[in-house]
Amino acid sequence: MTDSMMAQEWQAILSRHGLDVTVFARRDGEGQSGRALIQPILEQTKHQLEPSPLGGRCESRFLYLGEPGLPLEAGKGGRVECALGAFSIQSAHPIQIAGNTSHWWGVLRPMDRKGQVEP
């Protein structure tokens, strides 16, 4: 399968199963729109709500697989917004195939209405 065929297949998957997303590189500024798959990361050994001295703390994380033209930046106040809500970008990596970015892989955490990662 050629690189262009893989890119077409990936775009077809995102068109059919992905969500409309807007990616913001920093806290302020304009976002870029496109499509991505966003799914909860479920771990058998860890609960989504962990106890802390101040009560329960949400440990929800989401997997992000997005278009190559929607770069993610972790740790700079960037976020992803979609129909599921707003998410902070915890980690992000471009996935390379034959020297070209095939897609972006990332881990997201839900944000509250004030723009903070949910406690």
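Residues numbered from 1 in each chain as written. Predicted model: local features only at pLDDT ≥ 70, side-chain atom pairs only at ≥ 80, totals over all residues. Heavy atoms only, no water.

## Here's the deal with the overall build of the protein
Then comes step 1: The secondary structure content of the protein amounts to 1 helix and 8 strands.
Then comes step 2: In the protein, the order of α-helices and β-strands from amino to carboxyl end is α-β-β-β-β-β-β-β-β.
Then comes step 3: Within the protein, the fraction of its 119 residues that count as buried is 31%.
Then comes step 4: Looking at the protein as shown, the accessible area adds up to about 7,700 Å², and 52% of this sits on carbon and sulfur atoms. (Helix = DSSP H or I, 4+ residues; strand = E, 2+ residues; numbered from the N terminus. Buried < 20%, exposed > 50% of the residue type's maximum accessible area, 1.4 Å probe, protein only. Areas by Shrake-Rupley, 256 points an atom, 1.4 Å probe, with all protein chains shown as cover.)

## Side note on the pairing of strand 2 (residues 32–40)
Then comes step 1: Across 5 bridges, strand 1 (residues 19–24) lies against strand 2 in antiparallel orientation. In the sheet register, Asp20 faces strand 2, and the bridge partner there is Arg35.
Then comes step 2: For strand 2 and strand 5 (residues 62–66), the ladder comprises 5 bridges, and the chain directions are antiparallel. Paired with Gln39 across the bridge in strand 5 is Leu63. (Pairing = 2+ DSSP bridges.)

## Some remarks on the nonpolar core
Then comes step 1: Core analysis: the largest hydrophobic core is formed by 15 residues, its most contacted members being Val21, Val23, Ile38, Tyr64, Leu72, Val80 and Leu108.
Then comes step 2: Sorting the residues of this core by element identifies strand 1, strand 2, strand 5, strand 6 (79–82), strand 7 (85–97) and strand 8 (100–110) as the ones contributing at least two each.
Then comes step 3: Take this core: its biggest share by element is 3 residues, from strand 7.
Then comes step 4: With residues up to four places along the chain from it excluded, the contact list for Val80 reads Val21, Thr22, Val23, Ile38, Tyr64, Leu72, Gly85, Ala86, Phe87, Ile89 and Leu108. (Core = buried A, V, L, I, M, F, W, Y, C linked by side-chain atoms within 4.5 Å. Contact = heavy atoms within 4.5 Å.)

## What to know about the packing of aromatic side chains
Aromatic ring pairs are described here by two measures, namely the spacing of the ring centres and the angle between the planes.
Then comes step 1: Counted according to the given criterion, the structure contains 1 aromatic pair.
Then comes step 2: Over the ring of Phe24 we find Arg79; its NZ or CZ atom is 3.9 Å from the centre of that ring. (Phe/Tyr/Trp six-rings, centres within 6.5 Å; stacked < 30°, edge-to-face > 60°. Lys NZ or Arg CZ within 6 Å of the ring centre and 35° of its normal.)

## Some remarks on the side chain of His103
Then comes step 1: Locating His103 in the fold gives a position in strand 8.
Then comes step 2: A polar contact of 3.0 Å, which involves the side chain of His103, links it to the side chain of Ser102.
Then comes step 3: Other than its neighbours up to four places away in sequence, His103 contacts Trp10, Leu65, Gly66, Glu67, Pro68, His93, Pro94 and Ile95. (Polar contact = N/O pair within 3.5 Å; in protein donor to acceptor, adjacent residues only side chain to side chain.)

## Quick word on the sheet that holds strand 5
Then comes step 1: Sheet architecture is closed into a barrel: 6 strands sit in the order 1-2-5-8-7-6, paired in antiparallel fashion. The average undirected angle you get between the axes of adjacent strands in this sheet is 45 degrees. (Axes fitted to C-alpha atoms, helices over the stretch in contact; angles between N-to-C directions.)

## Concerning the pattern of salt bridges
Then comes step 1: Per the stated rule, a full pass over the model turns up 2 salt bridges.
Then comes step 2: A salt bridge links Asp20 to Arg35, with the shortest nitrogen-to-oxygen separation between them at 2.8 Å. Of this pair, Asp20 sits in strand 1 while Arg35 sits in strand 2; the two residues are 15 residues apart in sequence, bridging distant segments of the chain.
Then comes step 3: For Arg35, a relative accessible area of 21% puts it in the partly exposed group.
Then comes step 4: Here Glu81 and Arg79 are joined by a salt bridge, their closest N and O atoms 2.8 Å apart.
Then comes step 5: Overall, Arg79 belongs to the buried group, its relative accessible area being 18%. (Salt bridge = Lys/Arg side-chain N within 4 Å of Asp/Glu carboxyl O.)

In short, shape yes, function no, at least from these values alone.
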